[in-house]
Amino acid sequence: MKTFAEAERGIVDFGRVGDSGRALELVRMRKQMVIEFAALGAALEEDGFLERHLDVKTDVLRLFAAFRTANAINTAEWPAIRVRDDVTQFQAAAQNVARASQAFWARIRSAFPVGIA
């Protein structure tokens, strides 16, 4: 989860700064996020705590899927070249991803023992 959170933080920081000259870096960060989404998804599927608490697992996976979907839609609607040309609108559009992320991480914090996320 730590690696995923670090990759996510990088994209969030990119969005806050709004540096239109870093489009290639955004592409690189997005590729890393795809890898991190896959790794975290696999880890959640196999997590021992979640296996013992299937109601929690269902909820966590639902929120994770919503987060992943919001991110995929944002990535599709905002290719790096469009982000470069209209950073302000990109920042506004990214709020859907931010809300999905916040819901997911809030559930993770409530589901797992202290120090997980």
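This one's a predicted model, so the numbers in the text were calculated from it and none came from an experiment.

Cut-off values and rules
Residues numbered from 1 in each chain as written. Predicted model: local features only at pLDDT ≥ 70, side-chain atom pairs only at ≥ 80, totals over all residues. Heavy atoms only, no water. Helix = DSSP H or I, 4+ residues; strand = E, 2+ residues; numbered from the N terminus. Axes fitted to C-alpha atoms, helices over the stretch in contact; angles between N-to-C directions. Parallel < 35°, antiparallel > 145°, perpendicular 65-115°, else oblique. Left-handed = near helix turned anticlockwise from the far one by under 90°. Contact = heavy atoms within 4.5 Å. Nonpolar A, V, L, I, M, F, W, Y, C, P; charged D, E, K, R; others polar.

(A) Region of the structure containing the environment of Ala 43. When you line up the elements, Ala 43 lands in helix H2 (residues 23–46). Taking the C-alpha atoms as reference, Ala 43 lies 29 Å from Arg 16; in sequence the two are 27 residues apart.

(B) Quick look at the environment of Ile 73. When you line up the elements, Ile 73 lands in helix H4 (residues 54–77). When the C-alpha positions of Ile 73 and Arg 84 are compared, they lie 18 Å apart, and in sequence the two are 11 residues distant.

(C) Inspection of the packing of H4 against helix H7 (residues 95–111) at higher detail. Packing of H4 against H7 brings their axes to within 8 Å, and their N-to-C directions diverge by 160°. Classified by the interaxial angle, the pair formed by H4 and H7 is roughly antiparallel. Here H4 and H7 pass one another in a crossing that is left-handed. Where H4 approaches H7, its residues Val 56, Asp 59, Val 60, Leu 63, Phe 64, Ala 66, Phe 67, Ala 70, Asn 71 and Asn 74 are matched on the opposing element by Asn 96, Val 97, Ala 100, Ser 101, Ala 103, Phe 104, Trp 105, Arg 107, Ile 108 and Ala 111. Grouping the constituent residues of the contact of H4 with H7 by class yields 14 nonpolar, 4 polar and 2 charged.

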